[in-house]
Amino acid sequence: MVTTENLTFYYKKEQHTFSFPDIFLEKQEDLLVLGKSGIGKTTFLHLLAGLLKPVNGTICIADTAINSLSARKLDIFRGQNIGLVFQKSHAIQSLNVFQNLQARLFFSKKAIHPKAIDQLLIELGLIEYKNSAIQELSVGQLQRLGIALSVIHNPKVILADEPTSSLDDENCKIVIELLKKQAKQTEANLIVITHDHRVKSFFSNTITI
Ligand SMILES: Nc1ncnc2c1ncn2[C@@H]1O[C@H](COP(=O)(O)OP(=O)(O)OP(=O)(O)O)[C@@H](O)[C@H]1O
């Protein structure tokens, strides 16, 4: 469950103040956040992820008011409960695909059955790249690895920032369907922010900021 109330934020006091609409997502509910370039979509996502602190308002994820947590507790909460998908995968270049997933699990302090990594790689069409170097992956494969890295620890919320903007139509569809499938399997909320209107048809719950 994800709720926000009266969220405002500014980068510097003398700069523009962002006011974001309240959201109320029940368990497993998806949300697509649309808005033109520069309007504050990434800022909103970073607030939801606890990477930025709101000036006013509250953010509640899985019954936890994340803006009231200390920096240390917030880091732990994020590591365990939030999956972040970026436009480009943030994989560690010196590790292979499997090692990246192991590292992600290590940092989230969550244990899963070793076979669960293989299962996820099968679902994301990456099993044959399990021992590949990151540099050997295509853009679509890298984006699918980004999804694997964001869901391997079974987060309560998956937050995706422009996950499709560098992808062709076919990979755009694959990535959105995989995100939705993974969210469903782990009973997570999925929040996608984008200005890519191709994504609109996949979501019934949409807000524009
Ligand atoms: N760290 C920062 N310091 C100061 N201003 C910032 C910072 N990050 C973003 N901004 C400004 O805040 C505004 C909103 O940025 P944000 O990235 O949230 O927009 P966006 O809607 O995600 O844009 P896009 O769709 O182009 O990625 C922009 O004007 C941007 O220049």
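Residues numbered from 1 in each chain as written. Predicted model: local features only at pLDDT ≥ 70, side-chain atom pairs only at ≥ 80, totals over all residues.

Looking at an unreviewed UniProt entry, one finds the chain named ATP-binding cassette domain-containing protein and attributed to Aquimarina algicola.

**Things to note about the site of the ligand**
In the vicinity of the ligand, the residues found are Y11, G35, S37, G38, I39, G40, K41, T42, T43 and H195. Grouping the amino acids of the shell around the ligand by side-chain chemistry returns two nonpolar, seven polar and one charged. (Near = placed C-beta within 6 Å. Nonpolar A, V, L, I, M, F, W, Y, C, P; charged D, E, K, R; others polar.)

**With respect to the environment of L69**
By the element assignment, L69 lies in the loop between β6 (64-65) and α2 (71-81). Each C-alpha atom of the pair L69 and I92 lies 28 Å from the other, and the pair is 23 residues apart in sequence. In contact with L69, other than residues within four places in its own chain, are L74 and F77. (Helix = DSSP H or I, 4+ residues; strand = E, 2+ residues; numbered from the N terminus. Contact = placed C-beta atoms within 7 Å.)

**Side note on the nonpolar core**
Counting 48 residues, the largest nonpolar core has L48, A148, V157, I158, L159, L179 and V192 as its most contacted members. Those residues in contact with L179 that lie beyond four places of it in its chain are I147, I158, A160, P163 and L190. (Core = buried A, V, L, I, M, F, W, Y, C linked by C-beta atoms within 7 Å. Buried ≥ 20, exposed ≤ 12 C-beta atoms within 10 Å, placed from the backbone.)

**Overview of the UniProt feature "domain: ABC transporter" (unreviewed entry) in the chain**
Mapped onto this structure's residue numbering, the UniProt feature "domain: ABC transporter" (unreviewed entry) falls at residues 2-207. Between the C-alpha atoms that bound residues 2-207 the distance is 15 Å, and the span itself is 34% helix and 21% strand. (UniProt positions renumbered as here; feature names shortened; annotations may be inferred.)

**Describing helix α5 (residues 139-151)**
Over its 13 residues, α5 runs 19 Å from end to end, which matches the ideal 18 Å to within 8%, given 1.5 Å per residue. In the core, the buried residues of α5 are packed alongside β7 (82-85), α3 (97-108), α4 (114-123), β8 (157-161) and α6 (169-185). (Expected span 1.5 Å × (residues − 1).)

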